[in-house]
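Survey of secondary and tertiary structure
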Amino acid sequence: MPDTESPLSPEDEAADRRHADRRRGEQRRVARALTQGALALLIGLVAIAVAVFVGWRGLALERSLDSERLASRDHELLQAALAKLESRAASDAAALARLETLPGRLDAFDERLARIEARIDAPQRAVARVEAAHLVELAGHRLELEHDVRGAIALFEAADARLAGSSDAATLRIRAQLAHDLGALRAVAAPDAATLSARLAAAGAAVRDLPMLGTIKNQYVPPGITPTAEPGLARAWQQFMVALTDLVSVRRVSDATVRLVSLEEMGVRRHHLETLLFAARLAALRADAAEYVADLAAARDWLGRFFDAKDAAVARLDAELADLAASRVAPEIPDVSGSLKLLRGKSP
């Protein structure tokens, strides 16, 4: 007969039950330990994430979480760090609350600084305005006395540059007026003084060959008779008729030719006319219209009094002087007094 398992005794059954209960208890302890390890690991990961967020304490917390025994202590440290961060945040909030008044204080400081700068800049603006006024006044004198448009433009530009450092409303209004006056000066058409000077020089050179009244002539020719240069019967007949006509008659050519003049006086008269023309040249270069017209009028009067007006060269020179007298030597100066009025504190 096959062997059959013998029934267990009550002691064996009790031992098996105790053994099974022991295994189940160990399994429960293992499961509890695994659960506790999983929870500890989860808490460690959370602590690591918080440590990364907090900063430099992350490395210390990561090292402390290596040991399961220090999990509670690390948790306490984390709580302390969080409390410290909360305290720091509260102190930062209090500091920010104290800084809320800083924008207003900065605005007040800016206003005080602006007032101080205004008090510092006021004397400098006044000095700059006085200097600019002197420059503009000097430009006005040059325009009035010398008709120097280029010099006046340079002085106006210097006055504008002197005011360039200020940006207040009054200075900007003055600079706008300066720009307007500068535009008017730059639009002035300058006369051709070089051409006038060349024409006057040519007229002065022509004076040396002009015939003068009161000089001794080699041959007298009555008015209305043209001398014949070709020799022959025609010239002999002309000489005979002149001699026959002047056989008894006495003529007075003009008051200027009654008295004969010496060579020295002739030189003085020519030199005086050349001097008048040279003075006209200087007046043209200085843009002195009154002196220019007066010198040319005196030159024409001298030419008519002491030179032979019937000579073609004298007539051409007189016409040239009349045309030169009608020429413009001074530019038309515009009204640029608005800038000086503003600089002097007057309305333009």
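Nothing here was measured: the structure is a model prediction, and the numbers come from that model.

Okay, the overall build of the chain next. When you go through the chain residue by residue, the secondary structure sums to 12 helices and zero strands. Taken from the N to the C terminus, the helices and strands of the chain come in the order α-α-α-α-α-α-α-α-α-α-α-α. Here the contacts in the chain between residues at least 6 apart in sequence split such that 69% fall between residues at least 24 apart. Working note: accessible area of the chain is about 24,000 Å², and carbon and sulfur atoms make up 60% of it.

Further remarks concern a nonpolar patch on the surface. A cluster of nonpolar side chains, Leu 96, Leu 99, Leu 102 and Leu 106, forms an exposed patch at the surface whose accessible area comes to about 360 Å². Locating Leu 99 in the fold gives a position in helix α3 (residues 71-99). Judged by relative accessible area, which is 47%, Leu 99 ranks as partly exposed.

Further remarks concern the packing of helix α9 (residues 263-285) against helix α10 (residues 289-306). Taken N-terminus to C-terminus, the directions of α9 and α10 make an angle of 160°; their axes are 8 Å apart at the nearest point. Looking at the two axes, α9 sits roughly antiparallel to α10. The crossing of α9 and α10 is left-handed. Judged by residue contacts, Arg 269, His 272, Leu 273, Leu 276, Leu 277, Ala 279, Ala 280, Ala 283 and Ala 284 of α9 engage Glu 291, Tyr 292, Asp 295, Leu 296, Ala 298, Ala 299, Trp 302, Leu 303 and Phe 306 from α10.

This paragraph deals with the packing of aromatic side chains. Under the definition given, this model contains one aromatic pair. Relative to Phe 306, the ring of Trp 302 lies with its centre 4.4 Å away and its plane at 50°, an arrangement referred to as tilted. Placement of the pair is Trp 302 and Phe 306 together in helix α10, with a separation of four residues, close to one helical turn. For the pair formed by Trp 302 and Phe 306, the shared burial category is buried.

For α10, which comprises 18 residues, the first-to-last C-alpha distance of 26 Å matches the rise-based estimate of 26 Å (1.5 Å per residue) to within 8%. If you check which residues of α10 are buried, you get Tyr 292, Asp 295, Leu 296, Ala 299, Trp 302, Leu 303 and Phe 306. Seen from one end, α10 has its buried residues packed into an arc of 125°, which puts them on one side. In α10, the exposed residues that point more than 90 degrees away from the buried face are Ala 290 and Gly 304.

Okay, α9 next. Across its 23 residues, α9 extends 33 Å between first and last C-alpha, which sits within 8% of the 33 Å expected from 1.5 Å per residue. Among the residues making up α9, those that are buried are Met 266, Arg 269, Arg 270, Leu 273, Leu 276, Leu 277, Ala 280, Ala 283 and Ala 284. Next to the buried residues of α9 lie α7 (193-206), α10 and α11 (312-325). A positive phi of about 60° marks Ala 287, the residue just after α9.

Per the stated rule, a full pass over the model turns up 12 salt bridges. The closest approach of N and O atoms between Arg 199 and Asp 323, which form a salt bridge, is 2.6 Å. With Arg 199 in helix α7 and Asp 323 in helix α11, the pair connects residues that are 124 residues apart, well separated along the chain. A relative accessible area of 25% places Arg 199 in the partly exposed class. A salt bridge links Arg 208 to Glu 274, with the nearest nitrogen and oxygen atoms 3.9 Å apart. Separated by 66 residues along the polypeptide, Arg 208 in the loop between α7 and α8 (233-245) and Glu 274 in helix α9 bring together distant segments of the chain. When its relative accessible area of 54% is taken as the criterion, Arg 208 is described as exposed. In this structure, a network of salt bridges that share partners links the residues Arg 199, Glu 320 and Asp 323.

By volume, the second largest pocket amounts to about 380 Å³. Forming the walls of the second largest pocket are 18 residues, and the residues nearest its centre are His 147, Asp 148, Val 149, Arg 150 and Ala 190. If you list the elements that add at least two residues to the lining of the second largest pocket, you get α5 (149-162), α6 (169-186) and α9. Take the lining of the second largest pocket: its biggest share by element is three residues, from α5. Its residues placed into classes, the lining of the second largest pocket shows 12 nonpolar, one polar and five charged.

Where like charges cluster on the molecular surface, the negative patch consists of Glu 11, Asp 12, Glu 13 and Asp 16. Within the secondary structure, Asp 16 is located in helix α1 (residues 10-54).

Turning next to the packing of α7 against α9. In the contact formed by α7 and α9, the axes pass within 9 Å of each other and the chain directions differ by 175°. Relative to α9, the element α7 lies roughly antiparallel. Contact residues: α7 offers Ala 193, Ser 197, Leu 200, Ala 201, Ala 203 and Gly 204, while α9 offers Glu 274, Leu 277, Ala 280, Arg 281, Ala 284 and Leu 285. The residue inventory of the contact of α7 with α9, partitioned by class, reads eight nonpolar, two polar and two charged.

Let's shift gears to the nonpolar core. If you look at the biggest cluster of nonpolar residues, it comprises 25 residues, and the most contacted ones within it are Leu 277, Tyr 292, Leu 296, Leu 303, Phe 307 and Leu 321. Counting only elements with at least two residues in this core, the list comes to α7, α9, α10 and α11. At seven residues, the largest contribution of residues to this core is made by α9. In this structure, Ala 133, Leu 155, Leu 178 and Leu 185 belong to the second largest nonpolar core, which totals 21 residues.

The rules behind each value
- Residues numbered from 1 in each chain as written.
- Predicted model: local features only at pLDDT ≥ 70, side-chain atom pairs only at ≥ 80, totals over all residues.
- Heavy atoms only, no water.
- Helix = DSSP H or I, 4+ residues; strand = E, 2+ residues; numbered from the N terminus.
- Contact = heavy atoms within 4.5 Å.
- Areas by Shrake-Rupley, 256 points an atom, 1.4 Å probe, with all protein chains shown as cover.
- Patch = residues over 30% accessible without salt bridge, like charges linked within 9 Å, V, L, I, M, F, W, Y side chains within 5 Å.
- Salt bridge = Lys/Arg side-chain N within 4 Å of Asp/Glu carboxyl O.
- Buried < 20%, exposed > 50% of the residue type's maximum accessible area, 1.4 Å probe, protein only.
- Axes fitted to C-alpha atoms, helices over the stretch in contact; angles between N-to-C directions.
- Parallel < 35°, antiparallel > 145°, perpendicular 65-115°, else oblique.
- Left-handed = near helix turned anticlockwise from the far one by under 90°.
- Phe/Tyr/Trp six-rings, centres within 6.5 Å; stacked < 30°, edge-to-face > 60°.
- Expected span 1.5 Å × (residues − 1).
- Arc of directions from axis to C-beta.
- 1 Å grid on protein atoms, 1.4 Å probe; cavity = no way out; pocket = protein on both sides within 12 Å on 5 of 7 lines; lining within 4 Å.
- Points joined across faces, edges and corners; volume = space filled by probe spheres on them.
- Nonpolar A, V, L, I, M, F, W, Y, C, P; charged D, E, K, R; others polar.
- Lys, Arg positive; Asp, Glu negative; His and termini not counted.
- Charge placed at Lys NZ, Arg CZ, Asp CG, Glu CD.
- Core = buried A, V, L, I, M, F, W, Y, C linked by side-chain atoms within 4.5 Å.

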